[in-house]
Every structure is written in C-alpha cells, then in structure tokens.
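Each chain is listed here by its residues.
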Amino acid sequence: MASNATYLIVAAGGWPSPAVSGNPTFNGVAMTLIGTHDDTIGGGRESFLWGLASPAVGTHTVSLPNAQPNGYAVSMSFIGASQVGTYVSDSCGHDTDNASAFYSLAVPSASGDLVVDVVNEYGTTITVDASQTQRMNNQSVVTIAVSTKAATGTTTAMTWTLGEAVLWSNGAVSVKP
C-alpha cells in the first residue's frame with residue numbers, strides 16, 4: 001500500500017463526556033492524539049484533535065471507536081504538510097462560569113501555517129469569526145464546530161461567538177507547510 005510523505009490527515013470533533021476509548025483510525029491505521037480537552041463541569045463536553053502523517057493514498061474512512069451518541073467529527077487532508085513538528089501546539093480553553101458568549105483562543109503559529117480549531121458546547125448556536133473558514137457546524141444536542149485560518153504571525157486568534165453564555169471546550173493546532 002503506497003503512502004504519501006507530504007499528506008497529513010487531521011480529525012477534529014467532540015462529544016459529551018466521557019471520551020471514547022481507543023484511537024480513531026484511518027484506513028485501519030491508528031491515529032495519534034494531537035490534543036484533547038475534557039471539560040467535566042456542568043455535564044461535560046470534549047473537544048479533540050487526532051492526526052496521521054503519511055497516510056495511505058486513496059479514498060479511505062476515518063472511524064471513531066465507541067463513539068458517543070451526539071458526537072461528531074470531520075476529517076481534513078493536508079497536502080504538502082510538514083511531517084516533522086507538524087503538531088506545534090495544542091491550546092485548550094473553557095469557560096467555567098458561563099460569564100461570556102464570546103471567546104478567542106490564541107494559538108502559537110508561524111506565518112504560512114494553517115490553524116485548525118474545534119469547539120464543543122452544549123445547547124446554543126456557534127458563529128465563526130469572519131476571518132476563519134468554517135469546516136463543520138453541527139447543532140444538535142451538543143454543538144460541535146470546526147474552522148481553519150491561515151496564520152500570519154506568531155499567534156493566531158481563533159474566535160467564536162456563542163448564542164448565549166454556556167460552558168464550552170476548545171482546542172487548536174498549527175499545521176506546518
């Protein structure tokens with residue numbers, strides 16, 4: 001089976017806590033955990049990022065083991081991604097007091113990186129900042145959304161507005177070219 005040394009697969013998503021057990025797989029190959037944030041306050045929610053460098057070439061499936069009901073994920077393929085030091089940062093945040101419906105996560109990055117973030121919250125809408133490209137926004141029992149943004153400096157702000165102040169969980173990673 002051929003692989004491509006410049007490809008990178010990233011799966012991003014979330015579900016109500018507790019987390020799944022086991023690694024997601026791509027074409028049966030276990031993916032590596034990039035980062036996760038499990039906010040167990042007020043019922044809990046988890047945001048996650050998993051990756052696989054140099055995956056098999058072709059159309060394949062990303063499978064989530066023991067997935068929770070109301071859990072969702074999206075996978076993205078990156079061509080020309082660095083295979084060394086790709087996962088520069090994993091930044092996670094959460095609002096523990098329901099005080100704000102707006103937040104911004106500062107993600108370490110470099111000009112030319114592509115920042116991928118995921119947010120998971122319970123019971124309201126999520127609106128992505130106009131400077132980001134929304135990749136998924138599934139509003140069900142929980143709302144899970146994913147976006148990307150081209151980095152232009154040493155820190156990239158990933159910003160979302162919630163329909164109301166609720167607990168949330170968020171994670172992000174810089175993908176190097």
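The structure this text deals with has already been given above.
Residues numbered from 1 in each chain as written. Predicted model: local features only at pLDDT ≥ 70, side-chain atom pairs only at ≥ 80, totals over all residues. Heavy atoms only, no water.

K.L.:
I keep staring at the nonpolar core and nothing clicks. Help me out?
P.N.:
For soluble globular proteins, the rule of thumb is that nonpolar side chains tend to be buried together. If you look at the biggest cluster of nonpolar residues, it comprises 17 residues, and the most contacted ones within it are Leu-49, Met-76, Phe-78, Val-116 and Val-146. Those elements giving two or more residues to this core turn out to be β1 (7-15), β7 (72-79), β10 (114-122), β13 (142-150) and β15 (168-175). Not counting chain neighbours up to four residues away, the residues in contact with Met-76 comprise Leu-8, Ile-9, Val-10, Ala-12, Val-116, Arg-135, Val-146 and Thr-148. The next biggest cluster of nonpolar side chains, apart from the first, holds 9 residues, and it includes Val-119, Val-128, Val-166 and Trp-168. (Core = buried A, V, L, I, M, F, W, Y, C linked by side-chain atoms within 4.5 Å. Buried < 20%, exposed > 50% of the residue type's maximum accessible area, 1.4 Å probe, protein only. Helix = DSSP H or I, 4+ residues; strand = E, 2+ residues; numbered from the N terminus. Contact = heavy atoms within 4.5 Å.)

K.L.:
Would you explain the environment of Lys-149 in this entry?
P.N.:
Structurally, Lys-149 can be placed in strand β13. The exposure class assigned to Lys-149 is buried, which follows from its relative accessible area of 18%. If we ignore the near neighbours within four places in the chain, the residues touching Lys-149 are Asp-113, Leu-114, Val-115, Ser-131, Gln-132, Thr-156, Ala-157 and Met-158. At 3.0 Å, the side chain of Lys-149 forms a polar contact with the backbone oxygen of Ala-157. (Polar contact = N/O pair within 3.5 Å; in protein donor to acceptor, adjacent residues only side chain to side chain.)

K.L.:
Explain the sheet that holds strand β14 (residues 155-162) to me, please; I cannot follow it from the model alone.
P.N.:
Sheet strands pair via backbone hydrogen bonds, and the direction of the pair is either parallel or antiparallel. What the 3 strands build is an open sheet, ordered β9-β14-β11; its pairing is antiparallel. The open sheet is flanked by β9 (102-108) and β11 (126-128), the only strands paired with a single partner. With direction set aside, neighbouring strand axes in the sheet form an average angle of 30°. Where β11 meets β14, 3 bridges bridge the pair, whose relative direction is antiparallel. Across the sheet, the residue bridging to Val-128 is Trp-160, located in β14. (Pairing = 2+ DSSP bridges. Axes fitted to C-alpha atoms, helices over the stretch in contact; angles between N-to-C directions.)

K.L.:
Would you mind showing me how to read the sheet that holds strand β6 (residues 62-63) here?
P.N.:
A sheet is described by the order of its strands in space; here 3 strands give the open sequence β3-β2-β6, paired in antiparallel fashion. In the strand order of this sheet, the two ends are held by β3 (29-30) and β6, each with one partner. Bridging between strand β2 (residues 25-26) and β3 involves 2 bridges; their strand directions are antiparallel. In the strand pairing of β3, Phe-26 is matched with Val-29.

K.L.:
Hey, could you run me through the environment of Leu-105 in this one?
P.N.:
Tracing the backbone through its elements, the reader meets Leu-105 in strand β9. Overall, the relative accessible area of 10% leaves Leu-105 in the buried class. Sequence spacing of Leu-105 and Trp-160 is 55 residues, and the spatial spacing of their C-alpha atoms is 8.9 Å.

K.L.:
For this particular structure, what's the right way to read unusual backbone geometry?
P.N.:
Where the residue is not glycine, phi is negative for most of them; where a peptide bond is considered, it is trans in most cases. Phi is positive for Asn-27, which is not a glycine, with a value near 55°. Looking at the secondary structure, you find Asn-27 in the loop between β2 and β3. A relative accessible area of 28% places Asn-27 in the partly exposed class. Unusually for a residue other than glycine, Ser-54 sits at a positive phi of about 50°. One can find Ser-54 in the loop between β5 (45-53) and β6. Assessed through its relative accessible area of 27%, Ser-54 is described here as partly exposed.

Spatial relationships are all this shows, so hold off on functional conclusions.
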